[in-house]
Amino acid sequence: MLELYHNDMSTCAQKVRLTLAEKGLTWESRHLDLRAGDQQKPEYLKLNPRGVVPTIVDKGKVVRESTVIMEYLDDEYPNPSLRPLNSHARAQMRLWTKRLDEGHHDIATATLSMGIAFRFQYLEKGQEACDALINRIPDPIRRERRRDVIYNGVEAREFKTAVRMWEALLTDMEKILGGSRWLADNNYSLADAAYTPYLTRLDHLNVLDWIATRPRLANWYERIRARPSYDSAIRQWENRAYIDLMNTKGGEVWPRIKRMIDEL
Ligand SMILES: N[C@@H](CCC(=O)N[C@@H](CS)C(=O)NCC(=O)O)C(=O)O
C-alpha cells in the first residue's frame with residue numbers, strides 16, 4: 001500500500017493528492033500537524049531530512065519532493081499518463097514545475113501565505129513556542145525567511161518580491177493559456193495539477209481579484225475545480241480554521257497588496 005505523509009492544507013501535499021486522484025490510486029494517509037511540529041520529529045526526519053511534507057513510501061521505498069513524487073507516480077503508474085507525449089510539450093511541463101521548485105513555492109507562496117495569515121497561528125503560541133518551532137527548521141535559509149515573515153508580516157524583507165513573483169506568474173499563465181487549453185499543451189498534465197493548489201491558495205487568501213482581469217486563467221481555474229480530483233484531493237481536506245483565517249486576513253490586506261501591484 002502506498003503511504004502519503006502529508007498535511008491537509010499544504011500546497012505541495014495537494015499537488016501529490018491531485019496526482020494520486022487523477023490516476024485513481026488508493027493510498028494510506030499519514031497526516032502531519034505542521035503547527036505542532038510533527039514534521040520536525042526525529043522519526044519523520046529520517047524519511048524527509050528537510051522536515052517538509054509530502055513524502056511517499058511506496059513498496060517500502062521512500063520518495064520525497066512533491067515534483068519528484070509526481071513524476072515518480074507517473075512512471076510507476078503510467079495510466080492515465082499525465083505527461084505530454086510530445087517532447088517539447090513535456091519540456092514546457094517541466095519548466096512550469098521547475099518554476100515552483102525554484103522559488104515560487106518557497107519565496108512567493110510561503111511568504112504570501114505566512115505573511116498574510118499563517119503567522120498568526122505561530123504568534124498565538126507565544127514567543128518561546130514560536131521560536132522553538134522556527135529554530136527546529138533544518139534548512140538555515142528557510143529558517144531565517146520564516147522568522148522574518150512571522151515577526152514582520154507584510155513588512156517582511158521578501159514580501160514585495162513575493163508579490164512581484166506572483167504578478168509575473170499570473171501574467172505568464174494568462175499568456176500561455178491564450179495558445180493552449182492547458183498549461184503544457186491541449187491536454188491536462190502534471191503542470192496543471194502542480195499549479196492548482198497555488199490558484200486555490202489565492203482563492204483561500206481572498207485575493208482572487210488578482211486574476212479578475214485574466215479571463216483565460218479564471219476559466220482554467222474554473223475547469224480545474226470541476227474535475228473530480230479537485231474534490232477528493234483539495235475540498236475533502238479543507239481545514240475550516242485555516243480557511244477562515246486566510247479569508248479574513250487576506251481580505252484585510254488585499255488593498256495594500258493591490259497598491260504594491262500597481263506600483264510594480
Ligand atoms: N520542495 C518541497 C517543499 C515542501 C514544503 O515546503 N512543504 C511545506 C508545506 S507546503 C512544509 O512541509 N513546511 C513545513 C514547515 O512549515 O515547517 C516539495 O516540493 O516537496
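**Q** I would appreciate a short explanation of the overall build of the chain in the present structure.
**A** Within the chain, the secondary structure is distributed over 11 helices and four strands. The C-alpha radius of gyration of the chain comes to 18 Å, within 12% of the 18 Å expected for a compact globule of 264 residues. Principal axes of the C-alpha set define a box for the chain whose edges measure 50 × 45 × 30 Å. Within the chain, the proportion of its 264 residues that are buried is 54%. Taking the contacts inside the chain whose residues are at least 6 apart along the sequence as the reference set, 71% of them involve residues at least 24 apart. As displayed, the chain has an accessible area near 12,000 Å², and 50% of this comes from carbon and sulfur atoms. Of the charged side chains in the chain, 41 are positive and 38 negative; the average position of the first set lies 2 Å away from that of the second.

**Q** Quick question: what am I supposed to make of the pattern of salt bridges here?
**A** When the charged atoms of two side chains with opposite charge come close together, those side chains can pair. For the structure shown, the criterion picks out 26 salt bridges. Taking the shortest distance from any N to any O, the salt bridge between lysine 98 and glutamate 102 comes out at 2.6 Å. Taken together, the residues lysine 98 and glutamate 102, both in helix H4 (residues 87-123) and four residues apart, mark about one turn of the helix. On the basis of relative accessibility, which here comes to 58%, the residue glutamate 102 falls in the exposed class. The structure contains a network of salt bridges with shared partners spanning Lys23, Glu71, Asp74, Asp75, Arg83 and Arg94.

**Q** What am I meant to see in the site of the ligand here?
**A** The full set close to the ligand counts 15 residues, and Gln39, Val53, Glu65, Ser66 and Arg142 are the nearest of them. Interatomic distance of 2.8 Å between a side-chain N/O atom of glutamine 39 and an oxygen atom of the ligand. Between the ligand and histidine 105, the relevant distance is 3.0 Å, taken from an oxygen atom to a side-chain nitrogen or oxygen of the residue. In the complex, the protein chains occlude 91% of the 520 Å² of accessible area that the ligand would expose alone. Elements supplying a minimum of two residues to the shell around the ligand: helix H1 (11-22), H4 and helix H6 (140-152). Here the shell around the ligand is built from residues that sort into five nonpolar, six polar and four charged.

**Q** Explanation requested: the packing of H4 against helix H11 (residues 240-262) in the structure shown.
**A** It is the contact of H4 with H11, at a shortest axis distance of 9 Å, that shows an interaxial angle of 135°. Regarding the angle of H4 to H11, the classification is oblique. Considering the relative orientation of H4 and H11, their crossing is right-handed. The residues of H11 that touch H4, namely those facing Leu112, Ile116, Ala117, Phe118, Phe120 and Gln121, are Tyr242, Leu245, Met246, Lys249, Gly250, Val253 and Ile257. Split into classes, the residues belonging to the contact of H4 with H11 amount to 10 nonpolar, two polar and one charged.

**Q** In this structure, what is going on with the domain arrangement of the chain? I would like to understand it.
**A** Where interface size is quoted, it is often the accessible area lost as the parts come together. When cut into domains, the chain gives domain 1 (2-76) and domain 2 (87-114 + 159-262). The C-alpha centroid of domain 2 is placed 21 Å from the C-alpha centroid of domain 1. Contacts between the two partners involve 21 residues from domain 1 and, on the opposite side, 29 residues from domain 2. For the pair domain 1 and domain 2, the number of links is three salt bridges. A salt bridge links glutamate 22 to arginine 227; its shortest N-O distance comes to 2.8 Å. Between the two partners, domain 1 and domain 2, sit 10 residue pairs in polar contact (both at pLDDT 80 or more). Elements that contribute at least two residues to the side of domain 1 that touches domain 2 include exactly H1, strand S2 (27-31) and helix H3 (66-76). Top contributing element to the side of domain 1 that touches domain 2 by residue count: H1, with nine residues.

**Q** Please clarify how the pairing of strand S1 (residues 2-6) should be interpreted in this entry.
**A** If a strand is regular, its side chains alternate between the two faces of the sheet. In terms of residue burial, S1 counts as a mostly covered element, since five of its five residues are buried. Burial of the side chains of S1 extends over both faces: Leu2, Leu4 and His6 are buried on one face and Glu3 and Tyr5 on the other. Across five bridges, S1 lies against S2 in parallel orientation. Across the sheet, residue glutamate 3 finds its bridge partner in S2, namely glutamate 28. Relative to strand S3 (residues 55-58), S1 runs antiparallel, the two sharing three bridges. Paired with leucine 4 across the strands is isoleucine 56, a residue of S3.

What counts as what
- Numbering of residues starts from 1 in every chain and runs along the sequence as written.
- Given that the model is predicted, a residue must reach a pLDDT of at least 70 before its local features are reported, and side-chain atom pairs must reach 80 or more before they are shown or counted; all residues, however, enter totals for whole chains, interfaces and linings.
- Where side-chain values are given, they derive from all heavy atoms of the structure, hydrogens and water being excluded.
- A run of H or I in DSSP counts as a helix once it spans at least four residues, and a run of E counts as a strand once it spans at least two, with each numbered from the N terminus.
- Computation of the radius of gyration draws on C-alpha atoms, with the globule rule given as 2.2 Å multiplied by the number of residues to the power 0.38.
- Any residue under 20% of the maximum accessible area for its type is buried, any over 50% is exposed, and the rest in between are partly exposed; the area is computed with a 1.4 Å probe on protein chains only.
- It only takes one pair of heavy atoms within 4.5 Å for two residues to be counted as in contact.
- Each accessible area is a Shrake-Rupley estimate made with a 1.4 Å probe; only the visible protein chains count as cover when residues are assessed.
- In this tally, Lys and Arg are treated as positive and Asp and Glu as negative; His is ignored, and so are the chain termini.
- Here the site of a charge means atom NZ of a Lys, CZ of an Arg, CG of an Asp or CD of a Glu.
- Should a side-chain nitrogen of Lys or Arg be within 4 Å of a carboxyl oxygen of Asp or Glu, the pair is scored as a salt bridge.
- Being near a molecule or strand, for a residue, means having at least one of its heavy atoms within 4 Å of it.
- A 3.5 Å cut-off defines polar contacts: any pair of N or O atoms within that distance qualifies, except that in protein one atom must be a possible hydrogen donor and the other a possible acceptor, and neighbouring residues in sequence count only when both atoms are side-chain atoms.
- Charged means Asp, Glu, Lys or Arg here, nonpolar means Ala, Val, Leu, Ile, Met, Phe, Trp, Tyr, Cys or Pro, and polar covers whatever is left, Gly included.
- Only the stretch in contact is used when a helix axis is fitted, and all axes are lines through C-alpha atoms; the angle between N-to-C directions ranges over 0 to 180 degrees.
- Orientation is classified from the angle alone, with under 35 degrees giving roughly parallel, over 145 giving roughly antiparallel, 65 to 115 giving roughly perpendicular, and any other angle giving oblique.
- Handedness of each helix crossing follows the sense of rotation of the near helix against the far helix: counterclockwise by less than a right angle gives left-handed, clockwise gives right-handed.
- For each domain, the first and last residues come from an automatic or database assignment.
- DSSP bridges decide pairing: two strands pair if at least two such bridges lie between them.

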